[in-house]
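If you want the building blocks of each chain, they are given just below.
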Amino acid sequence: MIRTLAGLVIVLILGAVAAAVIPEMQMREELQGVGYSYASRGMDETGSSNLVTAVIVAYRGLDTLGEVVVLFCASTAVVLMLTLYPIGVKASEPSRIVAFTAKVLPAPIMLFGVYFIAHSHLSPGGGFPGGTVIASTFLLVMLGSSSVPDRNGRLPAIESLAGLSFGLLGFWGIMTAGQFLNNAFLGTGTPGSIISGGLIPLISIAIGAKVASEFSGVFKAFRNSGGEA
Amino acid sequence: MTETLMTAIVLTLGGMMVAAGIAVLFVRDLLSAIIITGFVSLSASVMFLLMDAPDVAITEASIGAVLATMIFLWGRGKIGDDG
Amino acid sequence: MSNTFTSILFGLLGGGLLLAFIRLLKGQHGTDRAVALDTATLISTNLLVFIAFLEGRSMLIDVAMVYSVLSFLGVLAIARYLDGGLR
Amino acid sequence: MSTAFYWSIAGTAAGLILVGLWGVLTRKHVLRIALAFTVADTGANLLLVWSGYLPGRTAPVIDGSIPASEITSAVVDPLPQAMVLTSIVIGVAVAALFVVVGVLASRRTGSADVRRMKELRW
């Protein structure tokens, strides 16, 4: 009871602070500063129709590299803890509906993910959503089976290959254009066509493979954490 | 006209989201709390689309509908409802 | 004409969403809530298409497509859990 | 009219953050705390995207429906959306870590109650 009341008091104080602070952020009518610069020059400089992908991959590519490292640390910690302290699993046989769905549906959903990654510079989507959609495909396969085939080493190999290729593509920019993750040296192409945007589709593929393999590795560790029952 | 409709949609969705957020804390069954969290994150996806952020809406839909739900379901299977 | 059309459409969608939400809050058992979540995601998919129609950009329909497929997958995961697997 | 639209989104986001914070402070079950954390995370993402929203504009994806000369007066701010996109993915990875630590700690203490997890105190 004391805890509930104390928590309520703290939350009410913070709510008063929020009610005082948030109205100070007045409604803007025009783009300002960095946002204006990205919107006005983004399509010409990067060749990407999707400005959000241009910001993630090209302008703030270094931040995205750091973010991928954070994701790697989190998933490695999950897998490591489940390997060191095994919990044990017992999965039952799936019902017929689930088993049938797990046979039919993975291919179309995987196609969705590949579409989001490949069209990251043209339409909404990109490496992160595409990667999570592909990871949910693997999850569907795991739901439809009582045991997961344990092919060691393939998932971590894809993961490290994707991370490595992200870094190498960045260094390619240093070699040719003197700038980390410069994406204009490949030629930006015509915005709106599938071969455009310079380095953006390649890096999107790397990010998508990285995210997909990491989440699949987490779910595989959930499913295969050994130990007794 | 369109703006009136959009405002009505946002008010409905926002009220439902906050009510569902409170229900997550007070509902007795943990499985129900997980399902209601899924509802919060799916409505957040609609709200992201209303704010003209389709990329964020796609990400939130795929994460909130499948991955987060699955992680919490796994955790509940290991711990149970007690406490 | 167009205004009446959109108003009626929104009334139907919002009313359905509210009913599903009431069942989501009141439902006695987990299965009730799972079915309510399925209904709510189905109606919200229509709401997403409706928003894309109001904005007048066909590009936004991508969101509705992936939403419909993945919400089915999430409900399938909950159903598999209720079935007794994955412990 | 669009001001009501604008401020109701901010109200929803702030409400979700406060509700999630309250849950983190007062609940006892580990997974309940993780769920409240996820709710607060969703609210924070909503608030970030809201800060880059400009009323009456459209999504920052340029296709035939936007004339190339009027981009800066037609699209919303792309920067907060890019930040939130990475934040969501990080959020679910952190939630997975949260759940795994909670499960392991509760198996060690034999209870899901956070008040009994004395080993995690500092």
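Described below are features of the structure shown in this document. (Residues numbered from 1 in each chain as written. Chains lettered and ligands numbered in written order. Predicted model: local features only at pLDDT ≥ 70, side-chain atom pairs only at ≥ 80, totals over all residues. Heavy atoms only, no water.)

A look at the pattern of salt bridges
Within the structure shown, the criterion is met by 4 salt bridges over all chains. In this structure, Arg57(D) engages Glu30(A) in a salt bridge whose closest nitrogen and oxygen atoms are separated by 3.5 Å. Of this pair, Arg57(D) sits in the loop between helix H2 (30-51) and helix H3 (78-109) while Glu30(A) sits in the loop between helix H1 (2-21) and helix H2 (33-46), which puts the two residues in different chains. Among the ionic pairs, Lys210(A) bridges to Glu214(A), the shortest N-O distance being 3.5 Å. Taken together, the residues Lys210(A) and Glu214(A), both in helix H9 (residues 200-224) and 4 residues apart, mark about one turn of the helix. As far as the burial class goes, Lys210(A) and Glu214(A) line up, both buried. (Salt bridge = Lys/Arg side-chain N within 4 Å of Asp/Glu carboxyl O. Helix = DSSP H or I, 4+ residues; strand = E, 2+ residues; numbered from the N terminus. Buried < 20%, exposed > 50% of the residue type's maximum accessible area, 1.4 Å probe, protein only.)

Comments concerning the side chain of Glu67(A)
Topologically, Glu67(A) is positioned in helix H4 (residues 61-84). For the buried Glu67(A), no salt bridge exists, and the shortest N-O distance to an oppositely charged side chain is 10.0 Å, to Lys210(A). Those residues in contact with Glu67(A), other than ones at most four positions away along the chain, are Phe128(A), Thr86(D), Val89(D) and Ile90(D). (Lys, Arg positive; Asp, Glu negative; His and termini not counted. Contact = heavy atoms within 4.5 Å.)

Side note on the nonpolar core
The biggest cluster of nonpolar side chains holds 141 residues, and the ones touching the most others in it are Phe222(A) and Phe48(B). Setting aside chain neighbours within four positions, we find Phe48(B) in contact with Ala53(B), Val56(B), Ala57(B), Glu60(B), Asn45(D), Leu46(D), Val49(D) and Ile88(D). Membership of the second largest hydrophobic core comes to 10 residues, among which are Leu31(A), Ile62(D), Ile71(D) and Ala74(D). (Core = buried A, V, L, I, M, F, W, Y, C linked by side-chain atoms within 4.5 Å.)

Side note on the packing of helix H1 (residues 2-26) of chain B against helix H1 (residues 2-26) of chain C
For any two helices packed against each other, one specifies the crossing angle of their axes together with the interaxial distance. The N-to-C vectors of H1(B) and H1(C) enclose an angle of 5°; their axes lie 11 Å apart at closest approach. Considered as vectors, H1(B) and H1(C) are oriented roughly parallel to each other. Touching Leu5(B), Ala8(B), Ile9(B), Thr12(B), Leu13(B), Met16(B), Ala19(B), Ala20(B) and Ala23(B) of H1(B) are Thr6(C), Ser7(C), Phe10(C), Leu17(C), Leu18(C), Phe21(C) and Leu25(C), all from H1(C). Per-class residue counts for the contact of H1(B) with H1(C) are 13 nonpolar, 3 polar and no charged. (Axes fitted to C-alpha atoms, helices over the stretch in contact; angles between N-to-C directions. Parallel < 35°, antiparallel > 145°, perpendicular 65-115°, else oblique. Nonpolar A, V, L, I, M, F, W, Y, C, P; charged D, E, K, R; others polar.)

Some words on empty space enclosed by the protein
Evaluation of the coordinates by the stated rule reveals 7 cavities of 30 Å³ or more. One number sums up the size of the largest cavity: a volume of about 190 Å³. Contributing to the lining of the largest cavity are 18 residues, with Glu60(B), Ile63(B), Ala68(B), Thr38(D) and Thr42(D) lying nearest its centre. Of all the elements in the fold, those that place two or more residues in the lining of the largest cavity are helix H2 (30-50) and helix H3 (54-79) of chain B together with H2 and H3 of chain D. The greatest single-element share of the lining of the largest cavity, amounting to 6 residues, is contributed by H3(B). Looking at side-chain class alone, the lining of the largest cavity contains 7 nonpolar, 9 polar and 2 charged residues. (1 Å grid on protein atoms, 1.4 Å probe; cavity = no way out; pocket = protein on both sides within 12 Å on 5 of 7 lines; lining within 4 Å. Points joined across faces, edges and corners; volume = space filled by probe spheres on them.)

Structural notes on the interface of chain A and chain B
Counting from both sides, the interface comprises 19 residues of chain A and, opposite them, 12 residues of chain B. Interface area, chain A with chain B, both sides summed: about 1,400 Å², of which 82% is carbon and sulfur. If you sort the residues of chain A by the area they bury against chain B, Thr132(A), Phe219(A) and Phe222(A) come out on top, with a joint share of 32%. If you look at where chain A meets chain B, you find 0 salt bridges. Put simply, chain A and chain B have 4 residue pairs in polar contact (both at pLDDT 80 or more) between them. (Buried area = accessible area lost by both parts, 1.4 Å probe. Polar contact = N/O pair within 3.5 Å; in protein donor to acceptor, adjacent residues only side chain to side chain.)

Quick word on the packing of H2(A) against helix H3 (residues 51-59) of chain A
Residues and elements named next belong to chain A. At a minimum axis distance of 10 Å, the contact between H2 and H3 shows a crossing angle of 70°. It follows that H2 is roughly perpendicular to H3 by the angle criterion. Residues Tyr 38, Ala 39, Arg 41, Gly 42, Met 43, Glu 45 and Thr 46 of H2 form the contact with H3, whose participating residues are Leu 51, Ala 54, Val 55, Ala 58 and Tyr 59. Of the residues that constitute the contact of H2 with H3, the class distribution is 8 nonpolar, 2 polar and 2 charged.

Some words on the interface of chain B and chain D
Contacts between the two partners involve 48 residues from chain B and, on the opposite side, 46 residues from chain D. Considering only the side of chain B, the residues that lose the most area to chain D are Leu25(B), Met51(B) and Phe72(B), jointly responsible for 18% of the buried surface there. Along the contact surface separating chain B from chain D lie 0 salt bridges. For the interface between chain B and chain D, the tally reads 6 residue pairs in polar contact (both at pLDDT 80 or more). Within the side of chain B that touches chain D, the residues separate by chemical class into 29 nonpolar, 9 polar and 10 charged.

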